[in-house]
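The lines below spell out each chain.
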Amino acid sequence: MVSYWVNYALQGVPQGWRYALSGQLLFAVVLLGGLLFVPQSPRWLVMVGRQQQAYDALLKLRSRDEVAARRELQVIVAVRAREDQQTADGWGAMCCDARSARRLVVCAVLQSFQQLTGINSVMYYMPSIAAAVGFGTKSALGETGVNGIVNFLSTFLAFIFVDKFGRRPLLMAGALVMGLSMAALGVLGTCFISLDVLGRVVVQSEVAAWACVVSVYVFVFGFAWSWGPVCWLYPTEAFPTRQRAKGVSITTASNFAWNIVIAQFVPDLQAQVLHFGLFSVFALFCAVMFVFVQCFVPETRQKSLEELERAFDEKPRVCSR
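Throughout, residues of each chain are indexed from 1 in the direction in which the sequence is written. Local features are withheld for residues below a pLDDT of 70 in this predicted model, meaning they are given only at 70 or higher, and side-chain atom pairs are given and counted only at 80 or more; totals for whole chains, interfaces and linings count all residues. Side-chain measures here rest on the full set of heavy atoms in the structure, leaving out hydrogens and waters.

Trainee: I would appreciate a short explanation of the packing of helix α11 (residues 167–192) against helix α13 (residues 227–238) in the present structure.
Mentor: In helix packing, the relevant descriptors are the interaxial angle and the interaxial distance, both defined with respect to the helix axes. Simply put, an axis is a line fit to the C-alpha atoms, just over the touching stretch for a helix, and the angle between two N-to-C directions goes from 0 to 180 degrees. The secondary structure listing takes helices from DSSP runs of H or I that are at least 4 residues long and strands from runs of E that are at least 2 residues long, numbered from the N terminus. Interhelical geometry of α11 versus α13 gives an angle of 150° and a closest axis separation of 10 Å. Taken together, the axis directions place α11 and α13 in an arrangement best described as roughly antiparallel. In this structure, the crossing between α11 and α13 has a hand that is left-handed. The segment α11 lies against α13, with Arg 167, Leu 170, Leu 171, Gly 174, Ala 175 and Met 178 engaging Trp 227, Val 230, Cys 231, Leu 233, Tyr 234 and Glu 237. The residue classification treats Ala, Val, Leu, Ile, Met, Phe, Trp, Tyr, Cys and Pro as nonpolar and Asp, Glu, Lys and Arg as charged. All others, Gly included, are polar. Split into classes, the residues belonging to the contact of α11 with α13 amount to 9 nonpolar, 1 polar and 2 charged. In this scheme, roughly parallel covers angles under 35 degrees and roughly antiparallel covers those over 145, while 65 to 115 is roughly perpendicular and the rest are oblique. Note: crossing handedness is left-handed where the near helix turns anticlockwise from the far helix by less than a right angle, and right-handed where it turns clockwise. Residue contacts follow a heavy-atom distance rule, with two residues in contact if any of their heavy atoms lie within 4.5 Å.

And the structure:
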């Protein structure tokens, strides 16, 4: 959010982009300092044989509740002992073991779909979208700044919703909101925005232009409390400790791979091929995402890693409640 408004303020400053990039160093320093106060993972500490430190970390994480910390430590130690007897740790086992393969596919598809919502077609190219519906360059950067505010404030809803309603309901509700918003943007842009013989944007209705911008804001609002945070949270919950590093790295790679595709091809698809029809394609992806979550994604809310082992043992129930 801050970066959008920094860009807006620096748009007329010579070499302003250098100041914008340099400003990121401040946040890197804050992040580095904050990491000094993050406790080690209790499960990792048990894995490397440091049980007392694991207990101390649990005390910190559980608000100094000694009973809860001891109980959880006992569970972690017991599960770790069982994991030591298993061999599903290698890269090959991630694909060959049925439960691990299902977990990997579900999480990789979720991360891929996060990009296929079209979020970065909006976050990267909002100035172009605003310009395409008739806003000037300066105004388009201002609309991008407002979009950043919507994204920032809406993300706080995730802190409330994610444990209150669960992961699956958030993903399905977010897919519905985003799909309707993208469909509206596609229809409005196709029906009311055109090019004249000189290639200049012609907006047939100012109301339609503003409706397009509002559709983008609603889309970002829906993303910020659903597919934005949940797709990063879900893989860390789904994979057991012995597979988490490998599993999360693969699923994150799938996210970044689609990120590259979106970043590279969206400008050309929008400008030369599909125009505003591109957003209807993203709406279709949102519909597919809704069905995928409903049919194949187990709920992870208020489940320990040990309970999730059993959840991924179950066969997927098509369109289960």
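Trainee: For this particular structure, what's the right way to read the confidence of the model for the chain?
Mentor: Low-pLDDT portions of the prediction should not be read for the details of their coordinates. Known as pLDDT, the predictor's confidence for each residue is given on a scale from 0 to 100. When pLDDT is averaged along the chain, the result is 86, and 92% of the positions lie at 70 or above. Mean pLDDT across the elements of the chain bottoms out in strand β2 (residues 201–203) (65) and peaks in helix α15 (residues 277–296) (94).

Trainee: Hey, could you run me through the packing of aromatic side chains in this one?
Mentor: Here the distance between the centres and the angle between the planes together describe a pair of aromatic rings. Aromatic rings from Phe, Tyr and Trp, with only the six-membered ring used for Trp, were paired whenever their centres fell within 6.5 Å, and each pair was classed as stacked if the ring planes differed by under 30 degrees, edge-to-face if by over 60, and tilted otherwise. In this structure the tally under the stated criterion is 11 aromatic pairs. Both rings, one in Tyr 124 and one in Tyr 125, keep their centres 6.1 Å apart while their planes meet at 90°; by these two values the pair is edge-to-face. A centroid spacing of 6.3 Å and a plane angle of 50° characterise the contact between Trp 232 and Phe 256, whose relative ring orientation is tilted. Pair noted here: Trp 232 is in helix α13 and Phe 256 is in helix α14 (residues 241–273), with a separation of 24 residues, a long-range link. Between buried and exposed lies partly exposed: a residue is buried under 20% and exposed over 50% of the maximum accessible area for its type, with that area taken using a 1.4 Å probe on protein chains only. For Phe 256, a relative accessible area of 44% puts it in the partly exposed group. Each member of the aromatic cluster is reached from another via a ring pair, and the members are Phe 161, Phe 165, Phe 221 and Trp 225.

Trainee: What exactly am I supposed to notice about the nonpolar core here?
Mentor: In summary, soluble globular proteins display a tendency toward joint burial of nonpolar side chains. Nonpolar cores are built from buried Ala, Val, Leu, Ile, Met, Phe, Trp, Tyr and Cys residues. Side-chain atoms within 4.5 Å join them into one set. Within the largest apolar cluster, 60 residues are counted, with the highest numbers of intra-cluster contacts made by Leu 110, Val 122, Val 133, Met 182, Val 220, Trp 227 and Tyr 234. Secondary-structure elements contributing two or more residues to this core are α8 (98–116), α9 (119–132), α10 (137–164), α11, α12 (206–224), α13, α14 and α15. Apart from residues lying up to four places away in sequence, Leu 110 is in contact with Leu 171, Trp 227, Cys 231, Tyr 234, Phe 292, Val 293 and Val 297. Counting residues in each nonpolar core, the second largest holds 10 residues, with Leu 45, Tyr 55, Ala 57 and Leu 58 among its members.

Trainee: Please clarify how α8 should be interpreted in this entry.
Mentor: Note that an α-helix has 3.6 residues per turn; residues three or four places apart therefore point the same way. Taking 1.5 Å of rise per residue, 19 residues should cover 27 Å, and α8 covers 26 Å from first to last C-alpha, within 8% of that figure. Buried residues dominate α8, accounting for 16 of its 19 residues. Following α8 by one or two positions, Gly 118 has its phi on the positive side, about 95°. In this analysis, the expected span of each helix is defined as 1.5 Å times one less than the number of residues it contains.

Trainee: What should I look at first to understand unusual backbone geometry in this one?
Mentor: Glycine aside, residues mostly have negative phi angles, and peptide bonds mostly take the trans form. In this structure, Ser 63 takes a positive phi of about 55° despite not being glycine. Mapped onto the elements of the fold, Ser 63 is located in the loop between α5 (51–61) and α6 (66–84). Positive phi is not limited to glycine here, since Arg 64 has a value of about 65°. Under the relative-accessibility criterion, Arg 64 is labelled exposed at 57%.

Trainee: I'm lost on the environment of Phe 159 in this one. Help?
Mentor: Mapping Phe 159 onto the fold places it in helix α10. Residues Phe 159 and Lys 138, 21 residues apart in the sequence, show an inter-C-alpha distance of 34 Å.

Trainee: Explain the packing of α11 against α12 here, please?
Mentor: Their axes nearest at 8 Å, the elements α11 and α12 cross at an angle of 160°. Viewed along their axes, α11 and α12 adopt a mutual orientation that is roughly antiparallel. Crossing hand, α11 versus α12: left-handed. Contacts between α11 and α12 pair Gly 174, Val 177, Met 178, Ser 181, Met 182, Ala 184, Leu 185, Leu 188, Gly 189 and Phe 192 from the former with Ala 208, Ala 211, Cys 212, Ser 215, Val 216, Val 218, Phe 219, Gly 222 and Phe 223 from the latter.

Trainee: Quick question: what am I supposed to make of the pattern of salt bridges here?
Mentor: One side chain can pair with another of opposite charge once the charged atoms of both are near each other. By definition, a salt bridge exists where a carboxyl oxygen of Asp or Glu is found within 4 Å of a side-chain nitrogen of Lys or Arg. Applying the stated rule across the entire model yields 4 salt bridges. A salt bridge links Arg 70 to Glu 66; the nearest nitrogen and oxygen atoms lie 3.7 Å apart. Remark: Glu 66 and Arg 70 occur in helix α6; sequence separation between them is 4 residues, near one turn of the helix. Judged by its relative accessible area of 43%, Glu 66 falls in the partly exposed class. Two residues, Arg 167 and Asp 163, come together in a salt bridge whose shortest N-O distance is 2.9 Å. Residue Arg 167 is classed as buried on the basis of its relative accessible area of 4%. What makes Asp 163 partly exposed here is its relative accessible area of 42%. Here the residues in one salt-bridge network are Asp 163, Arg 167 and Glu 237, joined through shared partners.

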